[in-house]
Every structure is written in C-alpha cells, then in structure tokens.
Amino acid sequence: MMDVAARAGVSQATVSLILNGSPGAKFSDDTRRKVTSAAKEIGYRPVQRGLPQFAMTTNQIAFVVDELTSDPWMALAFEGAREFALQQGVSVSLSVCRGGKLLDEDLLREFVHQPVIGFIYGTILTRRITLRGPFQNLPTVLLNCYDGKRQLASVVPGDVEGGRKATQRLIAAGRRRIGFINGQDGIDASRDRLRGYRQALASSDITFDPDLVYNGNWEPPSGHDGTRAFLALDAPPDAIFCANDLMAIGCYEALKEAGLRIPQDVSVIGFDDREIALFMRPPLTTLVLPHFDMGAAAAEHLLDIVGGLPTRHSQIKVECELIDRASV
C-alpha cells in the first residue's frame, strides 16, 4: 500500500479508502484513477486484517472525544471510524470526556468492564495535547490532535495545503490583492491556513501585505468586521479568503452592504464546507474539512497497529478537497 501511495502521489490513507471502497470517502475521479492504476501496475490487492493479539477477548475500539455538540466535526469523524471498523468486523464505542478532563472516573470504570483493543482520541480543535493513563497502555491514534513528542500516531487535516489551495484558486481567477480573514490567533488551524495563504502568494510572486490579514474569531461578526476593515483600505482587496464558512457569512453581508457584487467585484472563498455554504447566495466556494475521512484513516491506522502491520508515518494529513461553487 505504501508503494501504491508513492506511485500515485497520494497518502497511504487515501489508497486504503479508495481501494476498500469506503462509503462517504470524497475523492476526485482523477485521484481514484491514479490510485487504481498504480495498484494495477504493481499487482497490489488490499489485505484482510486480522487481530491476532486481541481477537480472543474483544473487538471494540474506544472513540473518546473532548467535545461533541458544539460543532459537527467529531460526530462526522466517529461515523468515518465506525464505518471503516465495521467493514473489518470491529465495533466502535463513543465516549465524551466531561469538564475538560482527559478521562473521568466513570469512563475508566467502563473500560475496565468492557475491554477495548485500542483508543482513538479526538479533539474539536486541532491542537497539541499530552495523554496519560490507559492511552499509554493500549494502541492509540490521535484524531485532529497530536502529542509534541510524536510518540503516538495522529491524523490531522491538511490545513497548510488547504490554505494554499484556496489562495491559488483565487489567483487562478485573476485576483491579485487577496485579503485573508483568519480565525483566532494561537490556534493550529489559524496558523497553518495562514501559512498556506502566504505560500501561495509567494509562489505566484505576489508580495505579502500584513494589512490584508485580519484576525477574527471563527464567528460571522468577525467576518463582517474584517471585510469592513479591508474595504476601508486605500487599495481594498479584489478577493477575500475566509478561514471558515461562518466568517464568510459575515463577509457576504459586509460586501452587500457596500454595494459590491460577489464574485464580479470581490471573489470570496471559505473553509469547512458546512451545509449552509451551499445555500448562501451565491453558493460559497469552500474546502471540505475532512473529518469523516480522518475518522476512517484513524480507524485504519489503529487496526494496522493492532494487527502488527508496519506503519511508516507517525502523522497522516488528510487532503481538504476544494468545492468549486459560484463565489469565485
């Protein structure tokens, strides 16, 4: 599978999801064609995983999250992990840590009475964490988070590449003065999407202008305020990249209040592909935050570890697909 990934120029997780026909996995026809062609060229067929170390006692994964209801991301990740695991004959249980604790006493007692083969631990925000307790004693894969020492495998979104892809889409549309409304300062997603934005500008010989970066807070009002700040500049932008779709809602309102048309006067692109993006007017061009695929990749990586298969990468970054609509 590593050889197929190298030949096709994609991640190992992408190869697995495509060749196993995982439901819900979103990839372009071109990516699927590259993977299937590479597999055919080298004669690769997916292996059937066994669980030799634990199959006699349990076939359950514990999926533990720090937050479930504030955003849909961890629910989507759980669905991805559950669907992939079920294809391998493994069930997945879901638990939510209370009060910010990594593991509370009730959860510990549950794992004593219902043994698991390993853990997937997910966080609502992409961030660095430190895990203790049973996570040190059983195979564990981190989802949307990572440990600083890289001792545990992790699956995270490709935010740098996503930021670069969003900005390149605007540049390809002929835009040269691109504003960026970022999320909260100090958050991994904000840092990485900004990095991708700057990389895309540099690769197209567009000078970075700090006046065209506004630090928001992921909510619509900050998208509105950031857009108004850009429009007050002597040279306002002809495109705005919002680091999430909610801020793009505020951006839309500010542009319409100023009498500007989207995309004729100002192109707008978002990030996350929330359901509302499809119903904005015009529908919002955005990038998928791939938590379903990340959950599937985490389950696959964990089963590889449990089954004794060699794993080369300590961190898997899952591609954020561009969804092209009418705002660019």
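Residues numbered from 1 in each chain as written. Predicted model: local features only at pLDDT ≥ 70, side-chain atom pairs only at ≥ 80, totals over all residues. Heavy atoms only, no water.

Participant: Would you mind going over the pairing of strand β5 (residues 153–157) with me for this structure?
Facilitator: The side chains of a regular strand alternate, residue by residue, between the two faces of the sheet. By the criterion of burial, β5 is predominantly enclosed, with five of the five residues buried. Residues A153, V155 and P157 of β5 are buried on one face, and the alternating residues S154 and V156, pointing to the opposite face, are buried as well. As defined by bridge partners, strand β4 (residues 140–147) adjoins β5 across three bridges and the pair is classed as parallel. Residue L143 lies in a different strand from β5, and its bridge partner there is V155. Relative to strand β11 (residues 315–318), β5 runs parallel, the two being bridged by four bridges. Within β11, the residue paired with S154 across the bridge is Q315. (Buried < 20%, exposed > 50% of the residue type's maximum accessible area, 1.4 Å probe, protein only. Helix = DSSP H or I, 4+ residues; strand = E, 2+ residues; numbered from the N terminus. Pairing = 2+ DSSP bridges.)

Participant: Mind showing me how you'd approach helix α7 (residues 188–203) here?
Facilitator: For an α-helix, the turn length of 3.6 residues means that residues three or four places apart are oriented alike. Under the 1.5 Å per step criterion, the end-to-end length of α7 is 23 Å for 16 residues, consistent within 8% with the ideal 22 Å. If you check which residues of α7 are buried, you get D188, A189, S190, D192, R193, G196, Y197, A200 and L201. Elements that come into contact with the buried residues of α7 comprise β3 (118–129), β4, α6 (159–172), β6 (178–182), β7 (213–215) and β8 (239–242). Two residues or fewer past α7, D205 is found with a positive phi of approximately 60°. (Expected span 1.5 Å × (residues − 1). Contact = heavy atoms within 4.5 Å.)

Participant: Sorry if this is basic, but what is going on with the packing of helix α8 (residues 220–231) against helix α9 (residues 245–257) here?
Facilitator: Angle between the axes and distance between the axes are the two parameters that describe a pair of packed helices. The N-to-C vectors of α8 and α9 enclose an angle of 45°; their axes lie 6 Å apart at closest approach. As summarised for this structure, α8 and α9 are arranged oblique, according to the angle between their axes. In this structure, α8 crosses over α9, and the sense of that crossing is right-handed. Facing P220, S222, G223, H224, T227, R228 and L231 of α8, the residues of α9 in contact are L246, M247, G250, C251, E253, A254, L255 and E257. (Axes fitted to C-alpha atoms, helices over the stretch in contact; angles between N-to-C directions. Parallel < 35°, antiparallel > 145°, perpendicular 65-115°, else oblique. Left-handed = near helix turned anticlockwise from the far one by under 90°.)

Participant: Even after reading the chapter, I still don't get the sheet that holds β4, so can you show me in this structure?
Facilitator: In sheet architecture, strand pairing relies on hydrogen bonds along the backbone and comes in two forms, parallel and antiparallel. Here we have six strands laid out as an open sheet, ordered β2-β1-β3-β4-β5-β11, and parallel in their pairing. Two strands in the sheet have a free side with no partner beyond their single neighbour: β2 (91–96) and β11. Between one strand and the next, the sheet's axes are offset by a mean angle of 20°, whatever the strand orientation. Against the sheet, helix α4 (residues 73–87) engages β1 (60–65), β2, β3 and β4, with an angle of about 160° to β2.

Participant: Please explain the packing of aromatic side chains as it appears in this structure.
Facilitator: Note on aromatic pairs: each is described by the distance of the centres and the angle between the planes. In total, this model carries four aromatic pairs according to the counting rule given. Ring geometry for F63 and F78: centres 5.5 Å apart, planes at 80°, overall edge-to-face. Linking F63 in strand β1 with F78 in helix α4, this pair joins segments that are 15 residues apart in sequence. In this pair, the class of F63 matches that of F78, namely buried. Between Y197 and F208, the aromatic rings sit 6.4 Å apart at their centres with planes inclined by 75°, giving edge-to-face as the arrangement. Of this pair, Y197 sits in helix α7 while F208 sits in the loop between α7 and β7, placing them eleven residues apart in sequence. Aromatic rings pair up to connect F180, Y197, F208 and F241 into one cluster. In this structure, R193 is placed above the aromatic ring of F271, and the distance from its NZ or CZ to the ring centre is 3.8 Å. (Phe/Tyr/Trp six-rings, centres within 6.5 Å; stacked < 30°, edge-to-face > 60°. Lys NZ or Arg CZ within 6 Å of the ring centre and 35° of its normal.)

Participant: Even after reading the chapter, I still don't get the confidence of the model for the protein chain, so can you show me in this structure?
Facilitator: Close inspection of predicted coordinates is inappropriate in any region flagged by low pLDDT. Here the protein chain shows a mean pLDDT of 88. Residues at 70 or above account for 86%. Across residues 49–56, confidence stays below pLDDT 50; counting only partners more than four residues off in sequence or on other chains, it has 19 contacts. (pLDDT = per-residue confidence, 0-100.)

Participant: For this particular structure, what's the right way to read the sheet that holds strand β9 (residues 267–269)?
Facilitator: In space, the four strands of this open sheet follow the order β7-β6-β8-β9, with parallel pairing throughout. Across the chains shown, the open sheet's two edge strands, defined by having one partner strand only, are β7 and β9. Across the sheet, the mean angle separating the axes of adjacent strands is 15° when strand polarity is ignored. As defined by bridge partners, β8 adjoins β9 across three bridges and the pair is classed as parallel. Bridge pairing in β9 places A239 opposite S267. Along the sheet, α8 contacts β6, β7 and β8; its crossing angle with β6, the most-contacted strand, is approximately 150°. Across the sheet, α9 is in contact with β6, β8 and β9; its angle to β8 comes to roughly 155°.

Participant: So what exactly am I meant to see when it comes to the environment of L152 here?
Facilitator: Within the secondary structure, L152 is located in the loop between β4 and β5. With residues near it in sequence (within four places) discarded, L152 still touches L131, T140, L142, D147 and S314.

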